[in-house]
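So you can see what is in the structure, the chains are spelled out below.
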Amino acid sequence: MDRISSGPRTLFPQGPEFTLDNFSNNDFIVRDFVDSLADSAVPINRRSGPSQPAFDPKPLIRTFENALSQLDQLSEELQEKESELLSQVRRAETQHDHTLETLGRKLEQSMSSFEALDISLNSGSPNMNDTNGNADGGGNVAVQIGEKLEELDRKRRRAEDAKFLIQCWNEVSETGQLTKLQDMQRQGGADLKIQCAVIARQLMRISQRLDPSSWSHTNGQRNGMTNGAANGNRGHNTREALEKFSETLEQDLLKQFNNSYRKQNFDDMMECAKVLHDFNGGASVIAVFVNQHQFFIDRDQLMSDEVTADGETWDQLADPDMEPPGVEPSLQSLVDEVKIVMQEESFIIKRAFPYYETVLVKFIQRIFQQSVQQRLEKVLDKADTISSLAFLRSLHSSRTYIGSLVEDLKLHGLTEHPEPCSAQISQTLDQQMEELFVPYLVGNSYIDREKRSLEEMYSSLLFKFTIYHSRRKKAPSGFMASLAQQGSQMMASAKDAYIERLESSELTPTQKAMMLRVAGLQDKDNKDEIEVSEEDGILSVAYAKRMMKWLAESVQRTLELGSQTETPKDVNILLNLLLISMGRVYVETGLEAAFDQASALENTKTEPDLSFLPSMRPAITITAIMERFITVVLIRLAESNTTVRRSMEAQKKVAVDSIEKKANNVFKTTIDVISNWVAKSLSNQKKADFRPRDGELESLQTPTCLSICTFLARQSKHVYAAIDGQNAEKFSSELALALIKHLFDHFKKFQVNATGGLMVTQDIAKYVGTMREWPLSRDVLTAVEMLTEIGSLFIVGPEALREKSRTLASSAVRGKLSKEDFRSFVARRDDASSAGIQSVLASL
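Criteria and thresholds
- Residues numbered from 1 in each chain as written.
- Predicted model: local features only at pLDDT ≥ 70, side-chain atom pairs only at ≥ 80, totals over all residues.
- Heavy atoms only, no water.
- UniProt positions renumbered as here; feature names shortened; annotations may be inferred.
- Helix = DSSP H or I, 4+ residues; strand = E, 2+ residues; numbered from the N terminus.
- Buried < 20%, exposed > 50% of the residue type's maximum accessible area, 1.4 Å probe, protein only.
- Contact = heavy atoms within 4.5 Å.
- Areas by Shrake-Rupley, 256 points an atom, 1.4 Å probe, with all protein chains shown as cover.
- Polar contact = N/O pair within 3.5 Å; in protein donor to acceptor, adjacent residues only side chain to side chain.
- Axes fitted to C-alpha atoms, helices over the stretch in contact; angles between N-to-C directions.
- Parallel < 35°, antiparallel > 145°, perpendicular 65-115°, else oblique.
- Nonpolar A, V, L, I, M, F, W, Y, C, P; charged D, E, K, R; others polar.
- 1 Å grid on protein atoms, 1.4 Å probe; cavity = no way out; pocket = protein on both sides within 12 Å on 5 of 7 lines; lining within 4 Å.
- Points joined across faces, edges and corners; volume = space filled by probe spheres on them.
- Patch = residues over 30% accessible without salt bridge, like charges linked within 9 Å, V, L, I, M, F, W, Y side chains within 5 Å.
- Salt bridge = Lys/Arg side-chain N within 4 Å of Asp/Glu carboxyl O.
- Lys, Arg positive; Asp, Glu negative; His and termini not counted.
- Charge placed at Lys NZ, Arg CZ, Asp CG, Glu CD.
- Expected span 1.5 Å × (residues − 1).
- Phe/Tyr/Trp six-rings, centres within 6.5 Å; stacked < 30°, edge-to-face > 60°.
- Lys NZ or Arg CZ within 6 Å of the ring centre and 35° of its normal.

- If you check an unreviewed UniProt entry, the protein chain appears there as Exocyst complex component Sec10 from Sarocladium strictum.
- The UniProt entry for the protein chain carries the following text under Sequence similarities (unreviewed entry): "Belongs to the SEC10 family."

**Side note on the overall build of the protein chain**
At step 1: If you tally the helices and strands in the protein chain, you get 31 helices and zero strands.
At step 2: In the protein chain, which comprises 844 residues, the share counted as buried stands at 40%.
At step 3: At a minimum sequence separation of 6, the contacts of the protein chain that also span at least 24 residues come to 76%.
At step 4: Surface summary for the protein chain: the accessible area is close to 46300 Å², and the carbon and sulfur share equals 50%.

**Let's talk about the side chain of Asn237**
At step 1: The residue Asn237 is located in the loop between helix H7 (221–231) and helix H8 (238–262) in this model.
At step 2: By relative accessible area, which is 16% here, Asn237 ends up buried.
At step 3: At 3.2 Å, the side chain of Asn237 forms a polar contact with the backbone nitrogen of Glu240.

**A few points about the packing of helix H22 (residues 567–600) against helix H23 (residues 616–637)**
At step 1: Where H22 contacts H23, the axes come no closer than 11 Å and their chain directions differ by 170°. Judged by the inter-axis angle, H22 sits roughly antiparallel to H23. Note on element contacts: H23 touches H22 through Met616, Ala619, Ile622, Thr623, Met626, Ile630, Leu634 and Leu637, opposite Thr567, Pro568, Val571, Leu575, Leu578, Leu579, Met582, Gly583, Tyr586, Val587, Leu591 and Ala594.
At step 2: Residue composition of the contact of H22 with H23, grouped by class: 17 nonpolar, three polar and no charged.

**Re empty space enclosed by the protein**
The method is simple in principle: a probe with the dimensions of a water molecule rolls over the atoms, and the space it marks as empty is what remains.
At step 1: The full count for this structure, using the stated rule, is two cavities of 30 Å³ or more.
At step 2: For the largest cavity, the calculated volume is near 60 Å³.
At step 3: Considering the residues around the largest cavity, the lining is formed by Ile674, Leu712, Gln715, Ser716, Val719, Tyr720, Phe731, Ser732, Leu735 and Trp774.
At step 4: Mapped onto the lining of the largest cavity, the elements with two or more residues apiece are helix H25 (703–722) and helix H26 (725–747).
At step 5: Per-element tally for the lining of the largest cavity: the top contributor is H25, with five residues.
At step 6: Its residues placed into classes, the lining of the largest cavity shows seven nonpolar, three polar and no charged.
At step 7: A volume near 50 Å³ is recorded for the second largest cavity.
At step 8: In terms of lining residues, the second largest cavity is bounded by Val678, Ile708, Leu712, Leu739, Leu743, Tyr767 and Met771.

**Observations regarding the side chain of Thr702**
At step 1: Mapping Thr702 onto the fold places it in the loop between helix H24 (642–683) and H25.
At step 2: Residues contacting Thr702, with those up to four places away along its chain left out, are Gln685, Asp689, Phe690, Met759 and Asp763.

**Section: the environment of Pro59**
At step 1: Relative to the assigned elements, Pro59 resides in helix H3 (residues 58–122).
At step 2: Remark: the alpha-carbon pair of Pro59 and Ala38, spanning 21 residues in sequence, is separated by 8.9 Å.

**A few points about a negative patch on the surface**
At step 1: A grouping of Asp72, Glu76, Glu77 and Glu80 is seen on the molecular surface, where their side chains present a negatively charged patch.
At step 2: Within the secondary structure, Glu76 sits in helix H3.

**Notes on helix H21 (residues 541–561)**
In an α-helix, one turn spans 3.6 residues; hence positions three or four apart end up facing the same way.
At step 1: With 21 residues, H21 ought to run about 30 Å at 1.5 Å a step, and its terminal C-alpha atoms sit 30 Å apart, in line with that.
At step 2: Within H21, burial applies to Ala544, Met547, Met548, Trp550, Leu551, Glu553, Ser554, Val555, Arg557, Thr558 and Leu561.
At step 3: Those residues of H21 hidden inside the fold are in contact with helix H15 (388–412), helix H16 (423–441), helix H17 (445–461), helix H20 (509–519), H22 and H23.
At step 4: Measuring from the side-chain oxygen of the N-cap residue of H21 to the backbone nitrogen of Ala542 gives 3.3 Å; that N-cap residue is Ser540.

**So, the packing of aromatic side chains**
At step 1: Enumeration according to the criterion identifies 15 aromatic pairs in this entry.
At step 2: Taking the centre distance of 5.8 Å and the plane angle of 55° together, the rings of Phe690 and Phe747 count as tilted. Taken as a pair, Phe690 in the loop between H24 and H25 and Phe747 in helix H26 lie far apart in primary sequence, 57 residues in all. Take Phe690 and Phe747: they sit in the same class, and that class is buried.
At step 3: The aromatic ring of Phe391 is capped on one face by Arg449, whose charged end is 3.9 Å from the ring centroid.
At step 4: The ring of Tyr543 has Arg546 sitting right over it, with the charged end atom 5.9 Å from the ring centre.

**Focus on H20**
At step 1: Within H20, burial applies to Gln511, Met514, Met515, Leu516, Val518 and Ala519.
At step 2: Downstream of H20 by one or two residues, Gly520 has phi in the positive range, about 75°.

**A closer look at the UniProt feature "coiled-coil region" (unreviewed entry) in the protein chain**
At step 1: In this structure's numbering, the residues bearing the UniProt feature "coiled-coil region" (unreviewed entry) are residues 61–95.
At step 2: Secondary structure across residues 61–95 comprises 100% helix and 0% strand; the distance between its end C-alpha atoms is 51 Å.

This is how it looks when you write it as structure tokens:
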């Protein structure tokens, strides 16, 4: 907005001046205009500076008064211009009306001239030239005459159709007959039948308006006859006559539709479908097309055929150790044929029906609900007579194969080919797919089948294992006895459940044979007197891998067959089964057996045999495999449900902690067994072993040392066959510390002469050498090396002893000899009473 200067400055500055151009500008904004007025009224020296004088409103008031006065002037000017423009508009409207009137008169004159020309042409005027004398005018006139004749012909046909329609109505209302329409129908032409259908539909509408009594839901024939005279139909029920004729005509049209279908006359099929759609929404023609389709006729004849898979295929389906063979052949053949038929027929449906999506939906529903469903039920019923696993595998392969059919049809597009399917067809395909399998997947029925199948396979595989351990004698007492008793009860219940299942009448012969094979039994075996060996009671990684493979297959089926919302709950059920079967019944039972064996050897009078220890490695390996599978697979599948996932994590932790606790108990007891035997062997050391007489020395190492080191070397093979890595290091370190304590106490008990000191040194060197071969921690290895110093205390002289005494610790410290231990060892020397030794001891 421009602001015009008011000239030289005065005592009272003049306000800004404006014109209409200032307000007609497209950039005019009221707020900016008012702000500029305020800015122009504020002196410059008042706009800045640290101190502001009191506000003086008078300049602003004067500025706004001046602006208002100018706005009033501009408003008056604008009012004058508006009045002038309105006058111009009125004059223009008057002129426009006059022009329209003139043009109207000219148009009327032209139409009069045209009518005169048309009359002259109709009267056979020989002059065919136009008004300008051009001979081409005759061609235009001929075209106009042709158009006129066509219009007259259309009017004539409409008149004839109306006349015929009136005659038909009079006939049906007066006589109750449709002779004229029936004669037209008998002529047999396709076009005439369609025309009959159109006329019959028009007569129906006429009957509804002129004969309402025949359309009343409550009035019968008597009421129709009573009211017939009032409606001019002399008592004839026009509705019944028309409906009867329509039914006959509908049958003829359906027959015509079928004939056209055989001849691939799609245009005639389309016309018939349109007319029949007006009759009953097209239900009859759709039913004829779908029900009498050759595919259903052929398939109905084949539906009685048995499932075609051979016995070997069913045996493979029932065998959990074999890969499933895939979808059943007859179902596969049907699905492949359905794919071809639907792709071919969708092309015909689109060309033959104006409402092709409705027809395609009906066709899809019929195929899935009749052909596919019947064959699927036969396949699954047959699989159910084989085994639970065969049923589950057949269900999974069938759903996968039918699911691929649905996806292929969506991608093909059917009536929308080559574009993908429409939303309605896609939804129909998904709905039919879901309805096929709802009876088998509803509620917990599916996951219960999976659980029952796994339980049967697990109990079969572990049958001999549970038999062996249920017969094993248990010697522990106290708390471990109660735990062992709980394990026994669980194994006994598992064994009883397995035997009860084998004897169940619900069990199919194939499933029974599978369970016996997995269990390694014969059908003739007495289940209460099964012969088992020690090998049957040992944990097997191969068995665990088979169990995990079976579980992984179940998890895969659960993911593909179950709903995503139920997946966390389903995998939680499978987790519970895994923790009970593999964790509690299998691994923990094996660990309890190892603990029983170790406990029985704690106070043995003969050299303990630790050959049971290698069975600990399978327990550790199986636990690691199980924990890894639970963490990586099962718990991740439950991430969508936080509550279930946390519950599964807690269950896994409790189960693994229980296994680790039992494993630790076995190894702790094993350390005690070895330590107790070493202590027992050391107690057999002869008093004179370290005070040999001259000439009696046969070896620098005592027999006790040799036997202990041989025992330790032999048992370490069993230990390291069971554990490795950090577990082996921790086990060896704990055992080494126990042995060091025994050796410390041992060498404080014997008097040692000079030659015996050499034997002590050699014995200790042998002990140290044996323990050096173990994987020890650094501080424990230092403590082991400290043993070598004990031997030197029995052979060095006083001065060397004095040097050693300077590095002693005031109290027992791992890796460093204490003063008390130093005094105790040196005091066992034969020359301990000598002045040199006494002076060393006194200096401590």
